[in-house]
Amino acid sequence: MKKLLFLFLLVCCSIETNAIELKGKYQSQSGELLFVFTSDSLKVKIAQSQRTVSSFKLVKQKENKKSTTFNAYESYQVNGNLTYREVLIKVTKVRGKKYLLEYFGKDKDREYNTNERYNIKFIE
């Protein structure tokens, strides 16, 4: 019984260490966008000008060795009033340091919900 419990704990720990680690800069496949991950945030920038397009506070919702799902919160101004929105961001490992980033939620610049997908790769 002790061996079985030890084996179960060992498997649980090994699964946790294989989780996706997102830190650093990732560029979209088109080269137009730059995604900068820190420990608890994501900044989306235009690659050439380095101008920030969106900035999200990330809260992990679900994680496994192939993908991580975040509740992402962004604050922005509309007519001088501070407004918040929540979107869902899912990052799935494709191979090596290449990932698929999926974005689900209501876009701040439009009146409808969006679903965007970006193939991103680690650059630094």
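Note: the structure precedes this text.
Just so you know, these numbers come straight off a predicted model, no measurement behind them.

A. Representation of the packing of aromatic side chains within the structure. For the coordinates displayed, the defined rule picks out 5 aromatic pairs. Look at Tyr 26 and Tyr 99: their rings are 5.7 Å apart centre to centre, the planes differ by 80°, and that puts the pair in the edge-to-face class. Taken together, the residues span a long stretch of sequence, with Tyr 26 in strand E1 (residues 24-28) and Tyr 99 in strand E7 (residues 98-106) at a distance of 73 residues. Judged by relative accessible area, which is 2%, Tyr 26 ranks as buried. A relative accessible area of 6% places Tyr 99 in the buried class. Aromatic side chains Phe 35 and Tyr 118 sit 5.4 Å apart centroid to centroid with 55° between the ring planes, which places their arrangement in the tilted category.

B. Representation of the layout of surface pockets within the structure. Computed from the structure, the second largest pocket encloses a volume of approximately 170 Å³. Lining the second largest pocket, in full, are Ile 20, Glu 21, Leu 22, Lys 23, Phe 37, Thr 38, Ser 39, Asp 40, Leu 58, Lys 60, Thr 68 and Phe 70. Of all the secondary structure elements, the ones that give two or more residues to the lining of the second largest pocket are strand E4 (52-63) and strand E5 (67-78). When its residues are assigned to classes, the lining of the second largest pocket shows 5 nonpolar, 3 polar and 4 charged.

What counts and how
Residue numbering note: each chain is counted from 1, following its sequence as written. Owing to the predicted nature of the model, reporting of local features is limited to residues with pLDDT of at least 70; listing and counting of side-chain atom pairs is limited to 80 or more, with chain, interface and lining totals taken over all residues. Hydrogen atoms and water are omitted, and side-chain values are computed over all heavy atoms in the structure. Between 30 and 60 degrees the pair is tilted, below 30 it is stacked and above 60 it is edge-to-face, where a pair is any two Phe, Tyr or Trp rings, Trp via its six-membered ring, whose centres lie within 6.5 Å. Each helix is a run of H or I in the DSSP string that is no shorter than four residues. Each strand is a run of E no shorter than two, and both are numbered from the N terminus. Think of it in three bands: residues with accessible area under 20% of the maximum for their type are buried, residues over 50% are exposed, and the middle band is partly exposed, with areas taken using a 1.4 Å probe on protein chains only. Points on a 1 Å grid over protein atoms alone make up a cavity when a 1.4 Å probe fits among them but cannot get out, and a pocket when they form an open set with protein on both sides within 12 Å along at least five of seven lines; lining residues each have an atom within 4 Å of a point. Grid points are joined across faces, edges and corners, and a volume is the space filled by probe spheres set on the points. Gly falls in the polar group here, along with every residue not listed as nonpolar (Ala, Val, Leu, Ile, Met, Phe, Trp, Tyr, Cys, Pro) or charged (Asp, Glu, Lys, Arg).

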